[in-house]
Amino acid sequence: MISNPFRFDSNFTNEERNALRIILIGLPASILAASVYLALGLQLGNWQLYAWSADIWLLALALLVSLFLLRRRRLASAIWLILIALQITFIAAVALIQGIGLLIGISILALTAVIAGQTLPARQVTQAVIWGTVSGIAAMMVEIFPPAFRLPPPAIIRFFLPGILLTVILLFGHVTARQFRNYTLRTKLIVVFAALVLGTVGLGAALTSNTLRATLVRIISGQLSTLANSKALEVGQTLGHERDLLQTLALNPLVIQTASSSSAQKPLSEEEIVRRDQQWRSANAARNYADPLVSDILNAPLSQELRQFQEKFPQHIEIILTNRQGVNIAITNSTSDYYQADETWWRTAYEQGGYIGQPEYDESINAIGVIMAIRIQPPGYTEPIGVLRTTLDISIFTNTLTSGLFGQTGHTDIYLPNGQEISLRLKEDGAYETILKPVASLNINELLESTEPYHETFHDEIPILASHARVTDVVQLNGKSTLITDLNWHAVSIQNQTEALQPIQIQTRNITLFAILIALAATAAATGFAQVLAAPITQLKQVAEKIAKGDTNIRANIESGDETGALAVAFNYMTSQLRDLIAGLEQRVSERTLDLKNAVLVSEKRAHDLQSISEISRLIASEQRLDVLLPLVTRLISERFDFYHVGIFFVDETRRFAILQAANSEGGKKMLARGHRLEIGTGLVGTVIQTGQPRIALDVGADAVFFNNPDLPNTHSEMALPLNYRGDTIGVLDVQSDKPGAFTENDAQTLSILADQVAIAIENARLFGQMRQAREEAESLYAQIQSREWSAFIRQAERIGYQQTATGGQRLTKPVMSEEIRKALKQGRVVVVNSGDALSQPAIAVPVKLRGQTIGVLNIKAPLPNHRWNQDEINLAQAVSDRLALALDNARLLLESQRRAAKEAKIGEVSAKIGASINMRNVLQTAVEELGRALPGSEVIIQFGDSDGESIA
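Heads up: these notes are all about the structure in this document. (Residues numbered from 1 in each chain as written. Predicted model: local features only at pLDDT ≥ 70, side-chain atom pairs only at ≥ 80, totals over all residues. Heavy atoms only, no water.)

Here we come to the environment of isoleucine 414. Checked against the element boundaries, isoleucine 414 lands in strand E7 (residues 411–415). A sequence separation of 22 residues divides isoleucine 414 from leucine 436, and the C-alpha atoms of the two residues are 9.5 Å apart. Excluding anything up to four places from it in sequence, isoleucine 414 contacts Val235, Phe397, Leu401, Gln420, Glu421, Ile422, Trp489 and His490. (Helix = DSSP H or I, 4+ residues; strand = E, 2+ residues; numbered from the N terminus. Contact = heavy atoms within 4.5 Å.)

If you want it as structure tokens, here you go:
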């Protein structure tokens with residue numbers, strides 16, 4: 001069963017951890033990218049985006065499969081699957097989307113190097129980089145020789161392209177810089193040489209391409225600007241020409257006569273105008289052109305004159321003449337309304353003299369047109385006599401826009417301020433027609449706000465070059481804008497960048513091919529150059545490896561006189577020195593080995609001694625009796641360290657002699673029996689007590705000592721260790737061995753630790769003995785005081801006991817005595833009487849003992865003569881007796897405290913009364929009286945005496 005694949009395994013190698021990090025970063029990134037391009041495809045409806053999204057989904061699937069391969073510890077298979085899927089995905093992207101080949105090529109190479117360098121062995125890294133280079137070149141070649149079905153890059157791709165390229169380059173640079181010191185010399189030379197050549201070639205190619213592009217864009221933008229200005233002027237001329245035709249028509253005598261005659265008639269009332277307008281609307285809706293109101297105006301002489309004008313100028317698709325009240329007086333065809341004065345065009349023309357509107361759909365003529373109207377006010381008339389209006393078909397701009405077509409994608413449109421545009425549409429018969437439609441995806445505001453002669457932007461997600469010019473009248477009146485200028489129309493000339501910059505693309509393709517060839521040549525040259533430079537150093541490396549394996553007879557070949565040749569000479573000299581060094585090294589190694597063995601033996605002995613010291617310290621630490629401790633110490637030290645004799649000396653109170661206190665050997669026990677002692681300052685033991693430092697005596701060496709103790713005839717080595725406690729030497733630990741030279745300074749240092757532990761144990765035992773003796777003395781003294789106090793208390797006590805039966809309780813008036821009570825008082829222990837004969841009653845006599853002193857007896861009798869006491873009952877009686885003893889003692893102490901308090905209170909009271917008197921006679925009298933009251937029935941006399949003992953009354 002596989003554990004959670006998104007967690008690091010504790011035994012993963014660094015390469016496997018790096019691979020897992022790459023997968024955990026790439027998997028969500030690929031899913032996000034696939035989702036974005038799927039959504040973009042749904043929005044734009046391009047199959048290329050769907051295909052690219054599916055391609056990235058396959059990459060995500062490959063990453064997921066690689067994750068499970070990695071969890072099964074198949075690192076190489078997982079990484080190669082990722083690399084192959086990545087290269088296929090990126091090359092497919094270049095085949096589907098325009099303008100990303102260079103980025104994809106660089107990204108393939110960089111990402112392949114990064115992923116492989118972090119996860120694969122060195123040999124496989126080289127193979128991966130080769131495949132990455134081939135794939136990168138393939139992506140660039142697809143960009144140079146693209147298939148016809150490629151899609152221009154969407155805006156989101158164009159927006160993120162620089163950031164993606166910069167991120168990939170920085171990532172590659174970061175990883176390369178981190179791993180650079182781990183590369184071989186050959187690889188470092190190749191990387192540096194190739195980076196310099198490729199960087200120089202790439203920078204030169206980029207500068208050349210940018211220069212050519214800037215020059216070509218400047219030329220094309222000038223052409224676009226000229227074309228836009230020309231078309232804007234043509235549109236203005238077209239509108240001006242139609243305006244002039246309408247003004248000429250307004251000067252027609254019949255028009256003036258008809259308008260003047262209608263205006264001279266009696267004005268219609270508002271009710272009449274409303275009635276006629278409703279009648280007109282009803283007839284128009286019913287197509288009843290025979291209605292008298294409609295028929296009279298439609299068949300009027302001026303209406304026929306207007307239709308003749310319309311036949312001559314068909315772009316005027318509807319002409320209307322109104323009087324000064326705004327009602328129809330002549331029309332070319334039936335209109336939707338009779339009353340026109342409520343329309344914007346009528347009011348503007350009547351008040352301001354003219355009106356030109358934006359193109360819009362007209363219901364009455366079922367066509368898109370531009371409304372143009374002028375006020376009729378012939379010379380000599382003080383007031384307008386009517387308004388003449390025409391609707392111009394937007395086809396009047398067809399010739400202008402058709403002449404604005406150029407190349408395969410170049411065209412000119414008229415952009416209106418209401419977010420619409422007048423453009424051409426190709427009909428099935430191959431002719432163009434003029435249409436009005438919303439602006440597709442061109443940010444017209446951004447374009448119009450630009451002060452440059454051209455603007456690079458996007459139209460229908462396609463990069464374009466655009467230039468604009470405002471439509472104006474041919475002649476500006478007194479420098480003021482006219483109706484045509486106020487329309488705020490703009491002629492915009494557009495051409496796809498792909499077509500406009502085709503020479504740049506050809507040049508870029510040639511430069512890219514040239515760069516690829518130079519890159520391949522540079523890589524080959526760098527490889528060869530690196531091989532030539534690194535070969536001598538590689539040879540020296542191989543020689544060093546053989547020397548490291550033990551072959552010191554090998555020599556490096558000297559192939560040149562440069563630094564590598566000098567290095568080879570130095571290397572050979574070093575090898576010769578090393579050979580000589582190794583020759584004499586074996587003897588030094590054997591000597592060091594012997595020293596090491598001795599050191600190991602010493603260390604093992606010291607460790608064994610320390611362990612023995614630890615065990616001895618643990619055993620003696622729990623012993624608190626000095627008479628048991630000292631023999632135990634000598635015995636343990638002798639057994640654990642295999643010493644012939646171990647003795648312990650104490651310093652006497654006069655600090656003149658060291659007295660033997662314990663010994664383990666037979667001779668030592670004899671010396672102990674006769675009270676062996678040594679004077680301080682003489683001999684080994686006396687010197688150690690005087691100096692406080694350990695001493696060693698041997699019968700071998702330059703300072704040999706002759707041992708002549710008859711009680712210890714086998715002694716050949718002796719060591720005395722001071723027993724120091726808090727800076728004072730309280731004794732000596734004397735150890736003797738029957739082996740010559742048995743002790744060293746290391747032994748003295750080690751056993752000094754044991755001597756300190758023995759000194760502490762001895763002092764602890766002494767202190768414990770003193771404390772025990774003091775406690776026994778205190779307990780004895782307290783028992784005497786307690787016995788005396790209780791004896792006095794019992795003599796003064798009014799009650800001698802208390803008796804409780806089933807029927808009630810009463811105070812004893814005289815002592816109760818029985819055999820078991822006598823035994824309990826005499827023996828101080830519990831006496832149990834079970835049923836045995838008819839004369840005895842089962843009873844328990846429990847002595848009431850207070851700190852070992854029996855102060856009473858608790859006598860318990862059974863209710864039945866055949867009762868046998870169990871242990872629980874006996875224990876209960878004993879526990880009650882113990883509690884009773886404490887309670888009685890507490891009661892005695894409380895009573896005693898109360899008596900003393902009363903006595904002190906009485907003394908205080910008498911003293912207060914005596915102190916209140918200041919006359920001696922009063923003082924004496926008060927003292928006698930108060931003492932008499934305090935001691936009723938007593939005779940109190942106070943008298944003074946002189947120095948001779950005579951009393952004075």
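The rest of the description comes next.
Next up on the list: the pairing of strand E13 (residues 645–651). Among the seven residues in E13, seven count as buried, and that is most of the element. The alternating pattern of E13 places His645, Gly647, Phe649 and Val651 and Val646, Ile648 and Phe650 on opposite faces, both of which are buried. In this structure, E13 lies alongside strand E18 (residues 728–737), joined through six bridges in antiparallel fashion. Residue valine 646 lies in a different strand from E18, and its bridge partner there is valine 735. (Buried < 20%, exposed > 50% of the residue type's maximum accessible area, 1.4 Å probe, protein only. Pairing = 2+ DSSP bridges.)

Turning our attention to helix H9 (residues 270–285). Between the first and last C-alpha of H9 there are 22 Å, a value that for 16 residues agrees with the 22 Å anticipated at 1.5 Å per step. Along H9, the residues classified as buried are Ile273, Asp277, Trp280, Ala283 and Asn284. Within H9, the buried residues cover an arc of 130 degrees as seen down the axis, which keeps them to one side. When the buried face of H9 is taken as reference, the exposed residues oriented beyond 90 degrees from it are Glu271, Gln278 and Ala285. On its buried face, H9 is in contact with helix H10 (292–298) and strand E2 (328–331). Where H9 ends, the next residue or the one after it, arginine 287, has phi of about 60 degrees, a positive value. (Expected span 1.5 Å × (residues − 1). Arc of directions from axis to C-beta.)

Here we take up the packing of helix H1 (residues 14–44) against helix H3 (residues 75–96). Two elements in contact, H1 and H3, have axes whose closest approach is 11 Å; the angle formed by their N-to-C orientations is 35 degrees. H3 is crossed by H1, and the crossing has left-handed handedness. Across the interface between the two elements, Glu15, Glu16, Ala19 and Ile23 of H1 pack against Leu75, Ile79 and Ile82 of H3. Of the residues assigned to the contact of H1 with H3, the class counts are five nonpolar, no polar and two charged. (Axes fitted to C-alpha atoms, helices over the stretch in contact; angles between N-to-C directions. Left-handed = near helix turned anticlockwise from the far one by under 90°. Nonpolar A, V, L, I, M, F, W, Y, C, P; charged D, E, K, R; others polar.)

Here we come to the sheet that holds E7. Ordered in space as E9-E8-E7-E12-E11-E10, the six strands form an open sheet in which the pairing is antiparallel. A strand with exactly one partner marks an edge of an open sheet, and here the two such strands are strand E9 (432–438) and strand E10 (455–459). Across this sheet, the average inter-strand angle for adjacent strands is 40 degrees, counted without regard to direction.

The next subject is the pattern of salt bridges. Evaluated as defined, the whole model comprises 15 salt bridges. Close ionic contact of glutamate 383 with arginine 324 constitutes a salt bridge, the shortest N to O distance being 3.3 Å. On the criterion of sequence distance, the pair formed by glutamate 383 in the loop between strand E5 (367–376) and strand E6 (386–393) and arginine 324 in the loop between strand E1 (316–323) and E2 is long-range, its members being 59 residues apart. For glutamate 383, a relative accessible area of 45% puts it in the partly exposed group. Note that arginine 425 is salt-bridged to glutamate 433, the shortest N-O span being 2.7 Å. Arginine 425 gets classed as partly exposed once you look at its relative accessible area, which sits at 43%. (Salt bridge = Lys/Arg side-chain N within 4 Å of Asp/Glu carboxyl O.)

For the rest of this paragraph, the subject is the packing of aromatic side chains. Given two aromatic rings, one states the distance between the centres and the angle between the planes to describe the pair. Within this structure, the stated rule accounts for six aromatic pairs. Ring centres of tryptophan 280 and tyrosine 338 lie 5.6 Å apart, and the angle between their planes is 40 degrees; on these two criteria the pair is classed as tilted. Of this pair, tryptophan 280 sits in helix H9 while tyrosine 338 is found in the loop between E2 and helix H12 (344–352), placing the two residues 58 residues apart along the sequence. Each member of the pair tryptophan 280 and tyrosine 338 is classed as buried. Arranged with centres 5.8 Å apart and planes meeting at 75 degrees, the rings of phenylalanine 397 and tryptophan 489 form a pair that is edge-to-face. You can see phenylalanine 397 sitting in the loop between E6 and helix H13 (398–402) and its partner tryptophan 489 sitting in the loop between helix H15 (483–486) and strand E12 (490–496), a full 92 residues away along the chain. The exposure classification of phenylalanine 397 matches that of tryptophan 489, with both residues buried. Among the aromatic residues, those joined into a ring-pair cluster are Phe641, Phe643 and Phe743. One Lys or Arg, arginine 389, reaches over the ring of tryptophan 345 and ends 5.0 Å from the middle of that ring. Stacked on the ring of phenylalanine 657, the Lys or Arg arginine 677 has its end atom at 3.9 Å from the ring centre. (Phe/Tyr/Trp six-rings, centres within 6.5 Å; stacked < 30°, edge-to-face > 60°. Lys NZ or Arg CZ within 6 Å of the ring centre and 35° of its normal.)

For the rest of this paragraph, the subject is the nonpolar core. Ranked by size, the top nonpolar core spans 42 residues in total, and within it Leu321, Leu388, Phe397, Ile414 and Trp489 carry the most contacts. The set of elements that each furnish at least two residues to this core consists of helix H7 (185–250), helix H8 (253–264), helix H11 (301–312), E1, E2, E5, E6 and strand E8 (420–426). With near-sequence residues (within four places) excluded, phenylalanine 397 lies in contact with Val235, Thr238, Leu239, Ile414, Ile422, Thr434 and Trp489. Ranked by size, the runner-up nonpolar core spans 41 residues in total, among them Leu27, Phe90, Ile97 and Ile115. (Core = buried A, V, L, I, M, F, W, Y, C linked by side-chain atoms within 4.5 Å.)

Here we come to the packing of helix H2 (residues 47–71) against H3. The N-to-C vectors of H2 and H3 enclose an angle of 175 degrees; their axes lie 8 Å apart at closest approach. Accordingly, the angle class assigned to the pair H2 and H3 is roughly antiparallel. (Parallel < 35°, antiparallel > 145°, perpendicular 65-115°, else oblique.)

Glancing now at the side chain of aspartate 711. With respect to the helices and strands, the residue aspartate 711 is situated in the loop between strand E16 (695–698) and strand E17 (717–725). There is a polar contact of 2.5 Å between the side chain of aspartate 711 and the side chain of arginine 674. Contacts of aspartate 711, omitting those with residues within four sequence positions, involve Gly667, Lys670, Met671 and Arg674. (Polar contact = N/O pair within 3.5 Å; in protein donor to acceptor, adjacent residues only side chain to side chain.)

This part is about the sheet that holds strand E21 (residues 831–833). As summarised here, the arrangement of the three strands in space is E21-E22-E23, forming an open sheet in which the pairing is antiparallel. Looking at strand neighbours, the two that pair on one side only are E21 and strand E23 (853–861), the edges of this open sheet. Adjacent strand axes in the sheet meet at a mean angle of 15 degrees when their direction is disregarded. Judged from the three bridges that link them, E21 and strand E22 (residues 843–850) form a sheet pairing that is antiparallel. Bridging across to E22, valine 833 finds its partner in alanine 843. Its contacts with the sheet put helix H23 (residues 819–827) on E21, E22 and E23, and the angle it makes with E23 is roughly 155 degrees.

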